[in-house]
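Working through the structure, step by step
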Amino acid sequence: MSIGGVERGSAGGILIRDGAVLAPEGWWKPGYVYLEQGKVRAAGAGDPPPALVEVAGRVLSARGKAVLPGVINAHTHFSQVLMRGLAGGRPLVQWLKELIWPLQSALTPEEMRLAALVGLVENLHCGVTHVVQHHKVVRGPAFTDAVCRAAQTVGLRMTLARSWADMGANPEPADAILDDLRRLYREWHQPGRLEIANGPISTWRCSVDTMQKTHALAGEFGAPTHIHVAETQEEVEMTLELFGRRPVDWLESIGVLDQRTQVVHAVWLEEGEKQRLAERGATVVHCPVSNMVLGSGIAPVADFLRKGVRVLLGTDGPASNDTQDIWETLKAAVGLARVANLDPTLLPPAQALRLITGGRTVQEGAPADIILVNLRHARAVPVHDLDSALTLCTHGSDVDTVIVDGRILMEESRVLVIDEPALLEEAESALRHLRRRLGWE
Ligand SMILES: [Zn+2]
């Protein structure tokens, strides 16, 4: 017999039952999900059919938990895992020049590996099954390769946006950038699993020619261009000075504003720029906690959503957040949009939740990327409304189980893919060495 495409006698998959399941039509309370061979093979409201219980190799109880697709952290920098706590008291450009860039240029490939592993494990704990790593340390293939290997070890889906700057301090030659991107596509690009993207650092450090060439190269693989845009007013001024256009206008004028463009921050935009983001189908990656910590400003997210711009959330790097807890970022996004507009009706919880699920739900045929979020704790009980509980009451530490591509990476908050205590110890020791090398202690 067949139940939702599941054949009796097939190799046992994972059955999740008795939880609240985020389905296309709303919440099933309770519902069940059956995962096999990397896909959701069956899902429905109520109890699972007995035949499904029989074929399952594992049965996970989700009683008191929400069951939803793994969430997305659409912007971070793993190198900054070794830079937490360094955000205080400096404006963006000064912070970059005095702290972040010197630290980045002192990192070894081994330190990059540890930073990436800790960063990935932190995202895993938060239920992130797809992370966008804007990779800034490009002093040789060893750094990028270390991050790609770390993603394979931890098992998350990753987009690695290879950062570059061919203008300003320490510019990289355009040929070297293009050669390295080609190498990364050749050696690492696996669509849906480990995607290589074009990652120009910002609109004020990248030349027109290299922007166009790298965007076209990523386009050959259907991959995005991921770039910091208008994070601060100073950056807008610098772009105006260099190119005579505001950041989004500049991207459009050079042909790098389309459905593959991911515009990170988008804090200081004029009305016409917002409209063009909508018309061109670009995605905005909103990083409200980072914007607050660095005092950068408030992105006009309500305007973006009203105009139909696709918005995802990013934590940004741990040096300007200082965590990668996407749930904290979600709550901040809701609060900030409401206070900026003095309007408590903005970003209702179900809409807000889509900023981290990307609008995905649990349904047959979808990838088997599923998380279980514990809602039976004093911060959430009693639960009137599941969307509210997830949006306003949840911390990353409430994520209980994470499954990616049908593989359980974390169960009951225990990471199964790496020795986490040993990793944290190694990272602490690496930081001590790094500080000594920099003469900071
Ligand atoms: Zn960033």
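In this report, the structure presented in the accompanying data block is examined. (Residues numbered from 1 in each chain as written. Predicted model: local features only at pLDDT ≥ 70, side-chain atom pairs only at ≥ 80, totals over all residues. Heavy atoms only, no water.)

1. What to know about unusual backbone geometry
- A cis geometry characterises the amide bond from Lys-29 onward to Pro-30, with omega recorded as 0°.
- If you trace the backbone, Pro-30 turns up in strand 4 (residues 26–36).
- At the junction of Val-381 and Pro-382, the peptide bond is cis and its omega measures out at -5° in the coordinates.
- Position of Pro-382 among the secondary structure elements: in the loop between strand 16 (370–374) and helix 14 (386–393).
- Of note, the phi angle at Ala-230 is positive, near 50°, even though the residue is not glycine. (Helix = DSSP H or I, 4+ residues; strand = E, 2+ residues; numbered from the N terminus.)

2. Here we look at the pattern of salt bridges
- Taken as a whole and assessed by the stated rule, the structure comprises 30 salt bridges.
- Residue Arg-90 is joined to Glu-98 by a salt bridge in which the shortest nitrogen-to-oxygen separation is 2.8 Å.
- Accessibility expressed as a relative area gives 29% for Arg-90, which makes it partly exposed.
- Of the charged contacts in the structure, one is a salt bridge between Glu-271 and Lys-307, with a shortest N-O distance of 2.9 Å. Within this pair, whereas Glu-271 is found in helix 9 (residues 271–280), its partner Lys-307 is found in the loop between helix 11 (301–306) and strand 15 (310–313), the two being separated by 36 residues in sequence.
- Take Glu-271: its relative accessible area is 45%, and that puts it in the partly exposed class. (Salt bridge = Lys/Arg side-chain N within 4 Å of Asp/Glu carboxyl O. Buried < 20%, exposed > 50% of the residue type's maximum accessible area, 1.4 Å probe, protein only.)

3. A word on the coordination of the zinc ion
- Binding of the zinc ion to the protein goes through His-75 (NE2), His-77 (NE2), His-228 (NE2) and Asp-316 (OD), at separations of 2.1 to 2.4 Å.
- Its 4 donor atoms give the zinc ion angles of 88 to 170° at the centre, a pattern that matches the irregular case.
- Read in sequence order, the donor residues for the zinc ion give the motif H-x1-H-x150-H-x87-D. Pair noted here: His-77 is in the loop between strand 8 (71–76) and helix 2 (92–106) and His-228 is in strand 12 (residues 225–229), with a separation of 151 residues, a long-range link. With respect to burial, His-77 and His-228 carry one shared label: buried. (Donors = N, O, S within 2.8 Å, 3.2 Å for Na, K, Ca; no water. Tetrahedral: all angles 85-135°; square planar, octahedral: opposite > 155°, others 65-115°.)

4. Details of empty space enclosed by the protein
- The full count for this structure, using the stated rule, is 1 cavity of 30 Å³ or more.
- As a volume, the largest cavity reaches approximately 140 Å³.
- Lining the largest cavity are 18 residues, with Leu-92, Leu-96, Lys-136, His-228 and Glu-231 sitting closest to its centre.
- Among the elements that make up the lining of the largest cavity, the one with the highest residue count is helix 2 (4 residues).
- Residues of the lining of the largest cavity, tallied by class, amount to 6 nonpolar, 7 polar and 5 charged. (1 Å grid on protein atoms, 1.4 Å probe; cavity = no way out; pocket = protein on both sides within 12 Å on 5 of 7 lines; lining within 4 Å. Points joined across faces, edges and corners; volume = space filled by probe spheres on them. Nonpolar A, V, L, I, M, F, W, Y, C, P; charged D, E, K, R; others polar.)

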